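What follows is the residue order along each chain.
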Amino acid sequence: MKYLSTRADSNSSDRKQFCEILLEGLAPDGGLYLPESYPKLSVNDLANLRRIWSEKGYADLAFAILSLYIDDIPSADLLALCRKTYTEAVYGTKDIVPLKQLDNGFYLEALSNGPTLAFKDMAMQLLGNLFEYELARRGETLNIFGATSGDTGSAAEYAMRGKRGVRVFMTSPAGRMSPFQQAQMFSLMDENIHNIAIEGVFDDCQDLVKAVSNDAAFKAKYKIGTVNSINWARLLAQVVYYFAGYFSATSKDNQKVSFTVPSGNFGNVCAGHVARMMGLPIQTLVVATNENDVLDEFFKTGVYRVRGTADTHETSSPSMDISKASNFERFVFDMLGRDGLRVKSFFGDQLSKTGQFDLSSGIAAARTAYGFASGRSTHVDRLATIKSTYAKHGVMIDTHTADGVKVAREFLAKHPQSDVPMIVLETALPIKFASTIVEALGVEPTRPAQFEGIEALPKRVVNMPADVAAVKAYIAKACD
Ligand SMILES: *Cc1c(COP(=O)(O)O)cnc(C)c1O
């Protein structure tokens with residue numbers, strides 16, 4: 001399988017291999033990588049994947065799906081990487097992503113049992129192993145430089161800790177993450193993990209990352225890379241759990257399911273789109289947003305309108321607080337019949353000039369063709385949903401998952417689908433967002449045993465002003 005950029009001229013024959021785009025991230029033309037075409041599964045293929053999943057488990061299912069997209073890693077190596085990544089020891093369950101039934105035909109798919117208790121581990125843990133493998137094969141090293149307000153940075157650090165050939169330099173706004181999130185990151189003592197607390201807000205951290213990325217000489221000299229959500233390997237790893245969820249909720253391959261996905265940068269639900277394009281029988285992909293409803297607005301109206309900083313709300317589901325959805329370009333590429341030049345004019349040109357583009361004439365047809373629906377949720381909705389789910393089912397859900405459950409229930413009330421199960425993706429565990437759980441339920445969320453007392457552990461973090469020169473000097477020193 002070869003890869004192309006979402007902004008590529010359809011006449012261009014510029015194609016790349018999986019391992020090239022693995023380390024590259026964004027395409028040089030500013031676009032995102034996608035496979036030349038989606039492998040289409042026959043009835044037999046799907047039956048075969050179900051057999052692999054039920055007889056051999058999640059890691060082997062991951063290998064079978066990844067093999068359709070990766071032909072520049074020998075099979076035996078790829079299988080070993082998948083088996084090393086998706087283990088009962090790491091996820092605490094043999095099923096890796098078990099379903100929890102709430103009502104008849106209404107499920108949560110547990111994606112948050114990894115080391116940092118958010119679904120980002122599902123992809124990042126694989127990325128860590130792929131990076132270590134590919135860097136060793138090339139005899140190269142990589143310094144990951146990023147900014148985080150919480151989930152991404154911790155998932156990246158837990159994926160890269162102790163890996164040969166990789167260092168992580170992660171900036172975060174000093175004092176602004178939840179105490180639990182700070183403790184998760186700062187308690188890591190691994191030599192190759194560097195926490196940098198910046199005096200400022202998350203935007204200041206992102207500006208530092210941009211400034212360093214724009215310094216081509218520094219970037220080349222210190223081999224600076226990223227692990228952000230536009231990386232195709234992360235998206236690909238996420239495709240796997242749509243299959244696992246489907247197989248768990250059905251017994252025959254002619255049945256359909258729907259998914260509701262708490263969404264921010266459109267990475268998670270884009271993986272569902274890829275699964276559906278491959279032929280997984282998904283009826284509807286319901287995009288759930290919080291008050292930052294850029295995506296809900298698009299799927300309702302066809303107008304994509306990015307928000308300014310002032311119009312981006314700080315909410316109690318913070319990992320969905322986005323002003324634009326960085327993976328959304330991938331869906332638009334498919335929706336526009338893979339016309340890279342049109343994508344380029346929308347994302348490379350129109351968005352920066354006017355902050356929006358209008359696909360309203362095609363949105364109704366696209367919703368049907370690609371099975372999309374959407375909804376939004378507010379803080380009050382999250383509190384009510386956390387409360388009712390706990391009262392009725394005895395299940396504590398986090399604020400992001402609550403956005404999903406609220407939107408899923410609303411969707412089902414309007415579109416009853418008696419024989420089609422609805423699976424809501426559980427994207428984090430409640431302990432990560434304890435203060436809102438206490439607000440909703442009056443009790444502290446349950447804490448997995450391995451996180452007992454982490455706030456009291458010694459911390460490994462340096463404090464710095466939001467100053468590019470200081471950060472560069474720190475990186476240079478750590479690399480010498
Ligand atoms: C990152 C994240 C999301 C949003 O996922 P996207 O792939 O950006 O749409 C939702 N919930 C949680 C808990 C997250 O960490």
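Structure report, in brief. Keep in mind that what you see is a predicted model, and the values were worked out from it rather than measured. (Residues numbered from 1 in each chain as written. Predicted model: local features only at pLDDT ≥ 70, side-chain atom pairs only at ≥ 80, totals over all residues. Heavy atoms only, no water.)

### Thoughts on the overall build of the protein
Check the secondary structure of the protein and you find 20 helices and 15 strands. Taken over C-alpha atoms, the radius of gyration comes to 21 Å for the protein, in line with the 23 Å a tight globule of 480 residues would show. When its C-alpha atoms are laid out on the principal axes, the protein stretches across 60 × 60 × 50 Å. Across the 480 residues of the protein, 57% fall into the buried class. Expressed as a percentage of contacts within the protein between residues at least 6 apart in sequence, the contacts between residues at least 24 apart total 76%. Working note: accessible area of the protein is about 18800 Å², and carbon and sulfur atoms make up 51% of it. Within the protein, the 54 negative side-chain charges are centred at a point lying 2 Å from the centre of the 51 positive side-chain charges. (Helix = DSSP H or I, 4+ residues; strand = E, 2+ residues; numbered from the N terminus. Rg over C-alpha atoms; globule rule 2.2 N^0.38 Å. Buried < 20%, exposed > 50% of the residue type's maximum accessible area, 1.4 Å probe, protein only. Contact = heavy atoms within 4.5 Å. Areas by Shrake-Rupley, 256 points an atom, 1.4 Å probe, with all protein chains shown as cover. Lys, Arg positive; Asp, Glu negative; His and termini not counted. Charge placed at Lys NZ, Arg CZ, Asp CG, Glu CD.)

### Focus: the environment of E109
Tracing the backbone through its elements, the reader meets E109 in strand β4 (residues 106-110). When its relative accessible area of 0% is taken as the criterion, E109 is described as buried. Polar contacts involving the side chain of E109 include one to the main-chain amide nitrogen of G245, which spans 3.5 Å. (Polar contact = N/O pair within 3.5 Å; in protein donor to acceptor, adjacent residues only side chain to side chain.)

### So, the site of the ligand
Neighbouring residues of the ligand: 15 residues in total, closest K120, D151, G264, N265 and N268. Separating an oxygen atom of the ligand from a side-chain N or O atom of K120 is a distance of 2.5 Å. A distance of 3.2 Å separates an oxygen atom of the ligand from a polar backbone atom of G267. For the ligand, whose free accessible area comes to 380 Å², the fraction covered by protein is 96%. (Near = heavy atom within 4 Å.)

### Quick word on the sheet that holds strand β5 (residues 142-147)
Across the sheet, five strands lie side by side as β8-β5-β6-β7-β15; this open sheet has parallel pairing. Here the strands that pair on one side only, and so sit at the sheet edges, are β8 (224-225) and β15 (462-465). Two strands pair when backbone bridges link them, and β5 and strand β6 (residues 166-173) are joined in this way by six bridges, in the parallel orientation. If you follow I144 over to β6, its bridge partner there is V168. (Pairing = 2+ DSSP bridges.)

### Remarks on the pattern of salt bridges
Going through the model one piece at a time under the given rule, you end up with 29 salt bridges. With a shortest N-O distance of 2.8 Å, D60 and R83 are connected by a salt bridge. Of this pair, D60 sits in helix α3 (residues 58-67) while R83 sits in helix α4 (residues 75-85), and the two are 23 residues apart along the sequence. For D381, the salt bridge is made with K406, and the minimal N-O distance between the two is 3.6 Å. Here K406 lies in helix α18 (residues 399-414) and D381 lies in helix α17 (residues 379-393), a separation of 25 residues in the sequence. On the basis of relative accessible area, D381 is assigned to the partly exposed category, the value being 21%. Here the salt bridges do not stand alone but share partners, grouping D293, E297, R305, R307 and R376 into one network. (Salt bridge = Lys/Arg side-chain N within 4 Å of Asp/Glu carboxyl O.)

### Here's the deal with the pairing of strand β3 (residues 99-103)
Residues in a regular strand project their side chains so that they alternate between the two faces of the sheet. In this structure, β3 lies alongside β4, joined through four bridges in antiparallel fashion. Its bridge partner being in β4, Q101 is matched across the sheet by Y107.

### Some details on the packing of α3 against α4
Between α3 and α4, the shortest axis-to-axis distance is 8 Å and the interhelical angle comes to 140°. Accordingly, the angle class assigned to the pair α3 and α4 is oblique. Seen along the crossing, α3 lies across α4 with a hand that is right-handed. Only S75, L78, L79, C82 and R83 of α4 make contact with α3, whose side of the interface consists of A59, D60, A62, F63, L66 and S67. Among the residues making up the contact of α3 with α4, the classes are represented as seven nonpolar, two polar and two charged. (Axes fitted to C-alpha atoms, helices over the stretch in contact; angles between N-to-C directions. Parallel < 35°, antiparallel > 145°, perpendicular 65-115°, else oblique. Left-handed = near helix turned anticlockwise from the far one by under 90°. Nonpolar A, V, L, I, M, F, W, Y, C, P; charged D, E, K, R; others polar.)

### Observations concerning the environment of A249
Here A249 is to be found in helix α11 (residues 232-249). Since its relative accessible area comes to 13%, A249 is described here as buried. Along the primary structure A249 and M422 are separated by 173 residues, whereas in three dimensions their C-alpha atoms are 8.8 Å apart. With near-sequence residues (within four places) excluded, A249 lies in contact with L99, Y107, V257, P421 and I423.

### Observations concerning the state of the cysteines
Applying the stated criterion across every chain, the model contains zero disulfides. Among the cysteines around C205, which has no disulfide bond, C479 carries the closest sulfur, lying 19 Å off. Accessibility expressed as a relative area gives 0% for C205, which makes it buried. (Disulfide = S-S within 2.5 Å.)

### Structural notes on α4
Listed in full, the buried residues belonging to α4 are L78, L79, L81, C82 and T85. The buried residues of α4 occupy an angular sector of 160° when the element is viewed end-on, so they sit on one face. Where α4 is buried, its residues meet α3, α5 (88-91) and α6 (120-138). (Arc of directions from axis to C-beta.)

### Considering unusual backbone geometry
One non-glycine residue, I96, lies in the positive phi region at around 65°. Tracing the sequence through the fold places I96 in the loop between α5 and β3. The buried category is assigned to I96, whose relative accessible area is 2%. The backbone phi angle of L117 is positive, close to 65°, even though this residue is not glycine. Considering the arrangement of structural elements, one finds L117 in the loop between β4 and α6.

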